[in-house]
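Spelled out, the chains give:
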Amino acid sequence: MPLWLQAAGWGSLAGSALLIGAALGYAVRVPRHVVAAVMGFGAGVLLSAVAFDLIAEAEERAGMVPTVLGAVTGAVAYTGCNVLLARHGARHRKRSGRQQPSEQEQSGSGSAIALGALLDGIPESIVIGASLLGGGGVGAVTVAAVFISNVPEGLSSAAGMRNAGRGPRYVFGLWTAIAVVSGLAALAGYTLLGGAPAAALAAITALAAGAILAMVADTMIPEAFENAHLLIGLVTVAGFLVAFGLSRAGG
């Protein structure tokens, strides 16, 4: 199978976890403390992937300066876009309670939430596609980390959408579209970055890592802490160690 097709397939697979989580969150009234605990676990998984796979790989490829510049740029870009979307109703897009505004409460919030979901998922997918560059295999740990973390993201967000009065057509249409875009973003990560210098590739990997880290701190950890604050440290460490173990097993 051509590598570009593999990139699209792996990106779509990781993105499909959002749809799985959304189906659970919309159809089943999962207790909020369970949603929060699973979200904390997913946050730990992503923190480990950022530290031991993305940032470490970028630093090995090109050194500290491109890595730091890329990570800071990614965090600033994500935060800036997130601030703009928050002003239009997307601030609580991953919250499972009643924090999300309905369309009646804030016009345009549905579109802002959809754009926010795209903002959250694209950096992860680009990294998956870029991991195939050089003819090697896909970054299996990165795919696993994104897949594991996407389930609670989709679950929590869909529960919040249901509470805000959004119907199944909106919810499942959104997450299906995000899964498709995840595959396209992974494809773009493979095709557009092929032949890029090591420093540029490292900077882009670090940029995605910075965006993911900002996303975890801004959207995942608050949901986890609010409803499972007594356990959040333990479940986050558990997720971190699971991803770390996968990283070492895959190495």
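All values derive from a computational prediction rather than experimental measurement. Note that residues are indexed from 1 along each chain, following the sequence as it is written. The predicted nature of this model means local features are confined to residues of pLDDT at least 70 and side-chain atom pairs, given and counted, to a pLDDT of 80 or more, with totals for whole chains, interfaces and linings taken over all residues. As a convention, hydrogens and water are excluded, and side-chain values are obtained from all of the structure's heavy atoms.

This part takes up the overall build of the chain. In terms of regular secondary structure, the chain is built from eight helices and zero strands. Taking 251 residues into account, the globule formula puts the C-alpha radius of gyration at 18 Å, and the chain, at 17 Å, falls close to it. Taken over the C-alpha atoms alone, the chain extends approximately 50 × 35 × 35 Å along its principal axes. Looking at the chain alone, contacts between residues at least 24 apart form 85% of all its contacts between residues at least 6 apart. Helical segments are the DSSP runs of H or I of at least four residues, strand segments are the runs of E of at least two, and each set is numbered from the N terminus. A radius of gyration in this sense is built from C-alpha atoms; the matching globule rule multiplies 2.2 Å by the number of residues raised to 0.38. Throughout, a residue-residue contact means that at least one pair of heavy atoms, one from each residue, lies within 4.5 Å.

With that settled, consider the side chain of Thr67. Structurally, Thr67 can be placed in helix H3 (residues 64-90). To sort residues, take the accessible area from a 1.4 Å probe on protein chains only and compare it with the maximum for the residue type: under 20% means buried, over 50% means exposed, and anything in between is partly exposed. When its relative accessible area of 3% is taken as the criterion, Thr67 is described as buried. Of note is the side chain of Thr67, whose polar atom sits 3.4 Å from the backbone oxygen of Ala58. Sequence-distant contacts of Thr67, that is, excluding residues within four places in its chain, are made with Ile55, Ala58, Glu59 and Ala206. Distance and chemistry together define a polar contact, namely a pair of N or O atoms within 3.5 Å, with one atom able to donate a hydrogen and the other to accept it when in protein, and with adjacent residues in sequence counting only for side-chain atoms on both sides.

For the rest of this paragraph, the subject is the side chain of Asp53. Position of Asp53 relative to the elements: it lies in helix H2 (residues 32-62). We count Lys and Arg on the positive side and Asp and Glu on the negative side, and we leave His and both chain ends out. By salt bridge we mean one thing: a side-chain nitrogen of Lys or Arg within 4 Å of a carboxyl oxygen of Asp or Glu. The side chain of Asp53 sits in the buried core without any salt bridge; Arg248 is the nearest counter-charge, 6.5 Å away.

Attention now goes to the nonpolar core. Core analysis: the biggest nonpolar cluster contains 34 residues, and Trp175, Val216 and Met220 have the highest contact counts within it. Those elements giving two or more residues to this core turn out to be helix H1 (3-27), H2, H3, helix H4 (109-130), helix H5 (140-163), helix H6 (168-193), helix H7 (198-228) and helix H8 (232-250). It is H7 that contributes the most residues to this core, nine residues altogether. The nonpolar core is taken to be a set of buried Ala, Val, Leu, Ile, Met, Phe, Trp, Tyr and Cys residues, with the residues joined through side-chain atoms within 4.5 Å.

UniProt positions are given in the numbering used here, feature names are shortened, and annotations may be inferred rather than shown by experiment. UniProt's feature table lists "transmembrane region" (unreviewed entry) at residues 6-27, 34-56, 62-85, 170-192, 198-216 and 228-246, given in the numbering used throughout. For the annotated span residues 34-56, helix accounts for 100% and strand for 0% of the residues, and the straight-line distance between the end C-alpha atoms is 32 Å.

On to the pattern of salt bridges. According to the stated counting rule, one finds one salt bridge in the structure shown. With its nearest N and O atoms 3.1 Å apart, the salt bridge here joins Arg61 to Glu57. Of this pair, Arg61 and Glu57 both sit in helix H2, four residues apart, roughly one helical turn. Here Arg61 falls in the partly exposed class, since its relative accessible area comes to 32%.

Structural elements are reduced to axes, namely lines fitted to C-alpha atoms, with helices fitted over the stretch in contact, and the angle between N-to-C directions of any two is expressed from 0 to 180 degrees. For the pair H1 and H6, the least separation of the axes is 7 Å and the interaxial angle reads 160°. The angle between H1 and H6 falls in the class roughly antiparallel. In the packing of H1 onto H6, the handedness of the crossing is right-handed. Residues are sorted three ways: Asp, Glu, Lys and Arg are charged, Ala, Val, Leu, Ile, Met, Phe, Trp, Tyr, Cys and Pro are nonpolar, and all the rest, Gly among them, are polar. Residue classes in the contact of H1 with H6 are distributed as 18 nonpolar, eight polar and no charged. In this scheme, roughly parallel covers angles under 35 degrees and roughly antiparallel covers those over 145, while 65 to 115 is roughly perpendicular and the rest are oblique. Take the far helix as the reference: if the near one is turned anticlockwise from it by less than a right angle, the crossing is left-handed, and if turned clockwise, right-handed.

Here the focus is the packing of aromatic side chains. Within 6.5 Å between ring centres, the rings of Phe, Tyr and Trp (the latter by its six-membered ring) count as paired, and their orientation is classed by plane angle as stacked under 30 degrees, edge-to-face over 60, tilted in between. One pass over the structure, following the stated rule, counts three aromatic pairs. Taking 4.8 Å as the distance between ring centres and 55° as the angle between the ring planes, the aromatic pair formed by Phe52 and Phe244 counts as tilted. Taken together, the residues span a long stretch of sequence, with Phe52 in helix H2 and Phe244 in helix H8 at a distance of 192 residues. Taking the relative accessible area as the measure of exposure, Phe52 reaches 31% and is therefore partly exposed. You can call Phe244 partly exposed: its relative accessible area is 26%. Taken together, Phe52, Phe240 and Phe244 form an aromatic cluster joined through their ring pairs. Directly above the aromatic system of Tyr170 lies the positively charged group of Arg166, at a separation of 5.5 Å from the ring centroid. Two limits define a charge over a ring: the Lys NZ or Arg CZ must be within 6 Å of the ring centre, and within 35 degrees of the ring normal.

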